[in-house]
Amino acid sequence: MLKDIFKKIDQERELSKEDIVCLLALKDEQELARLYDRADTVRQKYVGDEVHLRGLIEFSNYCRKNCNYCGIRRGNRKLQRYRMSAEEILATVAVAERLGYKTVVLQSGEDMYYTVGKLVDIIRRIKQEADVAITLSIGERSREEYERLHEAGADRFLIRFETSNRELYSRLHPDSDYDERMQILVWLKEIGYQVGSGVMIGLPGQTLEDLAMDILKFKELDLDMVGVGPYICHEETPLAGNANGTVEMTFKVIALTRIVTRDAHIPATTALATLRPTDGREKALELGANVVMPNVTPAKYRALYELYPAKVCIGEEAEQCQACMHGRIYSLGRPISQGYGHSFKRAHLLPQYG
Ligand code: SF4
C-alpha cells in the first residue's frame, strides 16, 4: 500500500484522506526520509530554492477573545498588555525595510482599539513611506472592514482555522464559530487578498484523521499561504497540563502540506523553533517550507506577545535576528529572496511579482 501511495506522489496524483493518514502514521526512519525527500522535490519544482523573509511586527497583545490554547486570551489577567502607537509601528516598518525585508506582517490579538480608520491610516502611511508588501493578521472583522483595509493597501491576510474538526474547533474557541471562520476565508479571497491560514499540530483530542482533513482543507480553500506549527501548552490557559504537539508530527504535516498544495507558501514557524531551537526551522525548510518570519517587534514588547511559553528569539533585537536567520538559511545552501514573495498562485496578476 505504501508503495502505491509513493507512486501516486511521484505521478502527481491526488492523495486520499486514507493515503494521508497512512503517511502521517509513518514511524520508520527510512520511510520518513523518503516522504521528506519527496516533499523537498515538490518544493523545489513548484516554489524554487528561494527562502522568503517576512518581518513580523506584533503590535498589540490585547485580545477580545478567549481561545482556550492561547496565552494572550483576554482571560489571562497575569499578562502585561501593550499597544504600539502608529509612530512606533511606522518606525518598526522602517527597521524591517532597512534589514531588507520586503514584507511586513502586522499581527495582533483581536484588538478593537485599532478601528478600521486607524488601521487604514497606518497602512496608507506604510505604503507611502516604505516599499513593502503588507500582511495583516488581526483576526475577525466584518467584510466591509476587510474591504477597506485591502483598498488602503493591505496585500495579504492571515487567519488560521486551527482545526477542520468542527467539534474540536468549538471546544477550543468559546467565542468563535467554525462556519464564520470559513466564511471569512472565502470573503478574503473574493476581496482580492492573498490568503493564509493554518492549523496547530497536537491539540488535545486531535486525531490523524483530523490532520488529514486539515491538509485536504488547505487544498480545497486554495490557500496562498499555509502555517503549520506545534501546539505548545501555556499554563495560564484552560488547557494547562496538556502535552505539547511533537516536532515529528509537525514535520510530517508540513511535508504533506507541500505535497498536496504544491505551490503554497509554507513558513518554518517560530513555534517549531521553540520546541527544537537547534535546527527546527532548518529541517522544516528541507522538507517543504520556503518562508521564515524573523521577528522585528521592538525587544521591549517581544516577551509580552506570549502566545505560548519559552518562545525563541524574544531577547534579540531585529538586527541580531536577521544575522542569525541569514546564517541559518545560507548554511542550507538556499538563496534569500530579494522580491516581495507574493503568492505563486497569483503571479500572473501581479506586475511587480518578485
Ligand atoms: S488565538 Fe487569536 S483570537 Fe484567540 S485569544 Fe489568541 S490572539 Fe485572541
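This text follows the structure it describes.
What counts as what
Just so you know, the residues in each chain are numbered from 1, in the order the chain's sequence is written. Predicted model: local features are reported for residues with pLDDT of at least 70 only, side-chain atom pairs are reported and counted for 80 or more only, and whole-chain, interface and lining totals are derived from all residues. Starting at the N terminus, helices and strands are each numbered in turn, a helix being any DSSP run of H or I of at least four residues and a strand any DSSP run of E of at least two. Field definition: a residue is buried when 20 or more other C-beta atoms are found within 10 Å of its C-beta, exposed when 12 or fewer are, and partly exposed for counts in between, with C-beta atoms placed from the backbone. The contact criterion used is a C-beta to C-beta distance within 7 Å, with each C-beta placed from the backbone. Residue proximity rests on one test: whether the C-beta atom, placed from the backbone, lies within 6 Å of the molecule or strand. Amino acids are sorted into nonpolar (Ala, Val, Leu, Ile, Met, Phe, Trp, Tyr, Cys and Pro), charged (Asp, Glu, Lys and Arg) and polar (every other residue, Gly among them). Note on terminology: a nonpolar core is a set of buried residues of type Ala, Val, Leu, Ile, Met, Phe, Trp, Tyr or Cys, with members joined through C-beta atoms within 7 Å. Strand pairing requires that DSSP identify at least two bridges connecting the strands. When the strands point away from the viewer and the connection leading from the first strand across the helix to the second strand turns clockwise, the crossover is called right-handed. Axes here refer to lines fitted to C-alpha atoms; in helices the fit is confined to the stretch in contact. Angles between the N-to-C directions go from 0 to 180 degrees. In this scheme the handedness of a crossing depends on how the near helix is turned from the far one: anticlockwise by less than a right angle means left-handed, clockwise means right-handed. Throughout this description, any angle smaller than 35 degrees is read as roughly parallel, any larger than 145 degrees as roughly antiparallel, any in the 65 to 115 degree range as roughly perpendicular, and the remainder as oblique.

(A) Structural view of the overall build of the protein. A tally of regular secondary structure across the protein gives 14 helices and 8 strands. Here the C-alpha coordinates of the protein stretch approximately 55 × 45 × 40 Å along the principal axes. In the protein, buried positions account for 45% of the 354 residues. Counting only contacts in the protein whose residues sit at least 6 apart along the sequence, the fraction spanning at least 24 positions is 78%.

(B) The site of the ligand, seen in detail. Within the structure, the ligand sits among C63, K65, C67, C70, I72, R73, G109, E110 and G139. Classifying every residue of the shell around the ligand gives 4 nonpolar, 2 polar and 3 charged.

(C) Fine view of the nonpolar core. V104, I134 and I254 are the most contacted members of the largest nonpolar core, which has 93 residues in total. By residue number, the principal contributor to this core is helix α10 (residues 247–261), which donates 8 residues. Other than its neighbours up to four places away in sequence, V104 contacts G55, I57, V93, A96, V132 and I134.

(D) Local environment of the pairing of strand β7 (residues 225–230). Within β7, 6 of the 6 residues are buried, leaving the element largely enclosed by the surrounding structure. Pairing between strand β6 (residues 194–201) and β7: 6 bridges, direction parallel. Bridged to G198 within β7 is G227. Running through helix α9 (residues 208–220), the crossover from β6 to the neighbouring parallel element β7 is right-handed.

(E) Main features of the packing of helix α6 (residues 143–152) against helix α8 (residues 178–191). Look at α6 against α8: their axes get within 10 Å of each other, and the N-to-C directions meet at 35 degrees. For the element pair α6 and α8, the recorded crossing hand is right-handed. Each of R143, Y146, E147 and H150 in α6 lies in contact with α8, whose residues at this interface are W187, L188 and I191.

(F) Broad picture of the pairing of strand β3 (residues 103–108). Of all the 6 residues making up β3, 6 are buried; the element is thus mostly covered by neighbouring parts of the structure. By the alternation rule, side chains of β3 split into T103, V105 and Q107 and V104, L106 and S108, which are all buried. With 5 bridges connecting them, strand β2 (residues 55–60) and β3 associate as parallel partners. Across the sheet, the residue bridging to S60 is S108, located in β3. A crossover connection joins β2 to the parallel β3 through helix α4 (residues 86–98); in handedness this β-α-β unit is right-handed. In the sheet, β3 pairs with strand β4 (residues 133–137) via 5 bridges, with the strands oriented parallel.

(G) Spotlight on the sheet that holds β4. In spatial order, the strands read β2-β3-β4-β5-β6-β7; together these 6 strands make up an open sheet with parallel pairing. The open sheet terminates on both sides in strands that have one partner only, identified here as β2 and β7. Across this sheet, the average inter-strand angle for adjacent strands is 20 degrees, counted without regard to direction. Taken together, the 2 bridges between β4 and strand β5 (residues 156–158) define a ladder with parallel strand orientation. Counted as the bridge partner of L136 is F157 from β5.

(H) Layout of the packing of helix α2 (residues 17–24) against α9. Their axes nearest at 9 Å, the elements α2 and α9 cross at an angle of 120 degrees. In terms of axis orientation, α2 runs oblique to α9. At the point where α2 passes α9, the crossing takes the right-handed sense. Taking contact as the criterion, the partners of K17, I20, V21 and L24 in α2 are, on α9, L208, E209, L211, A212, M213, I215 and L216. When its residues are assigned to classes, the contact of α2 with α9 shows 9 nonpolar, no polar and 2 charged.

Distances and angles like these do not, on their own, reveal function.
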